[in-house]
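Spelled out, the chains give:
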Amino acid sequence: MREDISFFFYGSFSGAYRDIPLRQGESIDHVSVSENGQPYSPGGNTKLGSIDTAGKFGVERDSNKVRIVWHYSASDEQRTFTISYRFRGLAVAYSDVVDVDLQVWGGEWKTSLSRLSATMQLPGPTQLGPRYRVYGHPRWVNGVTARFPTQATLQAVDVPAHQFVELRVVFPRSLLTSTAGAKVVAGPGLAKIQAQETADEQSYLDNQAQIDDAKHHALRTAGYLLAIGLAPALLIIGLIWLVFGRERKVDYDREYEQEPPTDSQPALVPPLLRQGTEPGSLEFTATLFDLIRRGYYKSTPVTTEHDQWGGLKKEQVADLELSTGDQTIALEPYEQSVAAVFNAVLAGGPERLSNMRDRIKADRTENSQRFTSFKSHVQSAINARHWYVGSGLLALWVAIAGFVVAAIVLIAIPASRWRGTAPRWTDIVLLAIGICMAVNAAALFFAFLHAKVWRRRTKAGQTEAERWQAFRHYLTDFPRLKDAPPATLQLWEKFLVYGIAFGIAERVLQGAQLRMPKELHDQSRIYWITPYGDLGSGPTALAIGDLSAGFGSALSPPSSSGSGGGFSGGPFHSQNPEAAFLHTPGLKIVYPATASDAKGLLKAAIRDDDPVLFFEHKYLYRRIKEEMPAGDHVVPIGKARIAREGTDVTLIAYGAMVNVCELTADALDVSCEVIDIRSLRPLDEETILASVAKTGRVVIVHEAPRTAGFGAELAALIAERAIFDLQGPVLRVTGYDVPYPYWTIEDAYMPSVERVSAAVRKLVPT
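Residues numbered from 1 in each chain as written. Predicted model: local features only at pLDDT ≥ 70, side-chain atom pairs only at ≥ 80, totals over all residues. Heavy atoms only, no water.

The subject of this paragraph is the overall build of the chain. Scanning the chain for helices and strands turns up 21 helices and 30 strands. The C-alpha atoms of the chain give 40 Å as radius of gyration, which overshoots the globular expectation for 766 residues (27 Å, by more than 25%). Considering only C-alpha atoms, the chain reaches an extent of 125 × 85 × 45 Å along its principal axes. Residues classed as buried in the chain amount to 46% of the 766 residues present. Considering only residue pairs separated by 6 or more positions, the chain has 76% of its internal contacts joining residues 24 or more positions apart. Carbon and sulfur atoms form 55% of the exposed surface of the chain, whose accessible area is close to 38200 Å². When the 79 positive and 83 negative side-chain charges of the chain are each reduced to one mean point, those points stand 6 Å apart. (Helix = DSSP H or I, 4+ residues; strand = E, 2+ residues; numbered from the N terminus. Rg over C-alpha atoms; globule rule 2.2 N^0.38 Å. Buried < 20%, exposed > 50% of the residue type's maximum accessible area, 1.4 Å probe, protein only. Contact = heavy atoms within 4.5 Å. Areas by Shrake-Rupley, 256 points an atom, 1.4 Å probe, with all protein chains shown as cover. Lys, Arg positive; Asp, Glu negative; His and termini not counted. Charge placed at Lys NZ, Arg CZ, Asp CG, Glu CD.)

Here is the structure:
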């Protein structure tokens, strides 16, 4: 046997190997390696990855294969190596024909092969008759075989990585003058060989027919996959809900409860009705009003003037001025978290309720932590009351684990033997079922997120929930107050507190305006109903719904938006959508390029009264590092930064592209001034125009697509206000007008030092 293997080296390499598989009774000897007629010497290291003297080779044998390892030194060139050996036991001699089935290309190669040529010389010339046949394996490899009187050939192209290729030649037994080195099998073999090849061909055709049938009946296939992917999970979810999640009937049949049925605090009741544990801003607001009701805070009715229709209309709105009250009242832990928020607001003296949201927002970071503490303490209080039993959780996790294990096994089996060119139907089926098992696991995990599937209330919890639901129904149906209005101020105030928690405060206020005696209203700490305005609106409503929503936004932690590519994310979350938001008047948009600016702009964004979108480029994570400025470092919104002084050309960028522009400035013998915009809106036009006036040349760089990108707005600004300062056209280096590509060609999409340098050289004469 002789193999000529040509390598095209890109980079430095020092060794290669060839594994030759052996079947029972086969052996290899007389191994040699040469290059351009120059033999390699034996005795080389056979360990893969080892380094040895160039020009040496080694041979390692076991019962299944022979490994030949040869050593050389190559770099950015083409080299051809010749491997020679004698194969004993390969030919199988029957009484009528000789069968030689040789693997001419091994499956161990990690790279594809563009062209493969194999030739087998016959022992002598023969006619092209029925006993002379040539086959190529496997059937799905793109190639052809040919037979000639003295030799048989195989030509294959585009052989995939890890794909073996076999050449099988059957010729008349009469051509052999000796059977030495061959296996001798009694009886004829041609019919058996033909049957094997026919079965192999038919198996391939049947496999392709099944795949084509699945493609042709796409809707039927999709139906099968949908059934396999969801039906088992839905069945399990249904069973778990029936056994563990469905609420049990209790002995309670009243339609209304005319007062709070138990002493459960307003922060605990709405989660009970939702069968949850986490409260929100409504429960937070209700707890505040409950503290006012109990005297922890004092309240004084006042009227606040609000602007309507952009200041064209003034409206008097009922308000409450809060101040500290009896601070010795014992509070639950979650009530202490609410008190911590408002004690900080009232530390400087009384404050109106309508101003609370802005005061809370001013210390947003710390107050968001207090809000998180409030939610955590409410959850602990609910868990301590043992309202729920979650026996179905174990069954759900067992089912999830079962589907995950099934998915791993069913996906791993075909993955270990996958044929990329012509996959087996059985492998496709196993892979599809494995993916369906993963979908089932995901569906069950989604069910886990909805506790009502696997958890139900205890008998005591269900009874209390139904009683509170009847009370909520009573508050909602406020005309019923006509038949039996509350007799005490305490009950009226509880109505409002729980109405806030239930999200129906306006309904309670409407009922109070109609049915609440004036003498009780005048004594109330939390009711303030003015005699003018429509029912449930304007000055009669205390704007409690808006107040709760405002508390929710003010107490939520600050957030930012990651964008941009360069981190191998491909089309997933690598887009740069800043231009889309620039079309929304009223938004401020910032996009830092350095760590200190990220800190300073984020602080400025949190403290700003207007909505601010804070973009941060994900490529800069863990790449751009610097010492943080001491003290309260705040970067003003609307002020650009001159990142690099220069006189020949102005490079304008933001985010990660500022770094690209600075690298360009380092690489060129041109004096580049780099402007870091930092704030896209409001835009520091003065800094940009001053730099253009100084250099007379402009290159705008951004990663977003070119058409209607922010660079177009900058170019228009410069054309309108600095046209006579320019010594050349305004050039843009941007992303392309295509969807963001996969990571394999991501570098070609993003603006680079080379692309920015080319633009600069067009403008600056050399």
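Back to the text.
Turning our attention to helix 2 (residues 218-245). For helix 2, the principal kink sits at Leu230 and spans about 35°; a proline, Pro232, occurs within the next four residues. Those residues of helix 2 that sit buried are Gly229, Ala233, Ile237, Ile240 and Gly245. Of the surrounding elements, those touching the buried residues of helix 2 are helix 8 (392-416), helix 9 (425-449) and strand 21 (456-457). (Bend = angle between axes of the 7 residues up to and from the residue.)

Another point: the pattern of salt bridges. Here the structure, examined in full by the defined rule, presents 39 salt bridges. Arg18 serves as the salt-bridge partner of Glu3, at 2.9 Å between the closest nitrogen and oxygen. Note that Glu3 is positioned in strand 1 (residues 2-8) and Arg18 in strand 2 (residues 12-21), a separation of 15 residues in sequence. Residues Lys694 and Glu645 are paired through a salt bridge, measuring 3.3 Å at the closest nitrogen-oxygen approach. Residue Lys694 is found in helix 18 (residues 685-695), and its partner Glu645 is found in the loop between strand 25 (641-644) and strand 26 (649-653); the two are separated by 49 residues along the sequence. (Salt bridge = Lys/Arg side-chain N within 4 Å of Asp/Glu carboxyl O.)

Right, let's get into unusual backbone geometry. For the bond running from His137 to Pro138, omega is -10°, close enough to zero to count as cis. With respect to the element layout, Pro138 can be found in the loop between strand 12 (133-137) and strand 13 (143-147). Of note in this structure, Asn36 is not a glycine but carries a positive phi near 55°. Counting through the fold element by element, Asn36 comes out in the loop between strand 3 (27-35) and strand 4 (38-39). Relative accessible area serves as the criterion here: at 71%, Asn36 is assigned to the exposed category. Of note in the backbone geometry, Asp76 takes a positive phi value of approximately 50° without being a glycine. Mapped onto the elements of the fold, Asp76 is located in the loop between strand 7 (65-75) and strand 8 (78-88).

Looking at the secondary structure, you find Thr277 in the loop between helix 3 (269-274) and helix 4 (281-293). Once residues lying within four places of it in the same chain are set aside, the contact partners of Thr277 are Pro271, Val378, Gln379, Ile382, Asn383, Tyr388 and Arg455.

Let us look at the nonpolar core. The tendency in soluble globular proteins is for nonpolar side chains to be buried side by side. Core analysis: the largest hydrophobic core is formed by 63 residues, its most contacted members being Phe284, Leu288, Tyr297, Phe342, Phe502, Tyr527 and Phe551. Here this core gets 10 residues from one element, more than from any other, and that element is helix 11 (residues 489-502). Apart from the residues lying within four places of it in its own chain, the contact partners of Phe342 are Phe284, Leu288, Tyr297, Met356, Ile360 and Phe551. The next biggest cluster of nonpolar side chains, apart from the first, holds 49 residues, and it includes Phe7, Phe81, Val104 and Leu154. (Core = buried A, V, L, I, M, F, W, Y, C linked by side-chain atoms within 4.5 Å.)

If you trace the three strands from one edge of the open sheet to the other, you get 11-14-13, paired in antiparallel fashion. Every interior strand has two partners, whereas the edge strands, strand 11 (113-121) and strand 13, have only one. Sheet twist, expressed as the average angle between the axes of neighbouring strands with direction ignored, equals 10°. By the bridge criterion, five bridges tie strand 13 to strand 14 (residues 151-159) in an arrangement that is antiparallel. Paired with Val144 across the bridge in strand 14 is Gln155. (Pairing = 2+ DSSP bridges. Axes fitted to C-alpha atoms, helices over the stretch in contact; angles between N-to-C directions.)

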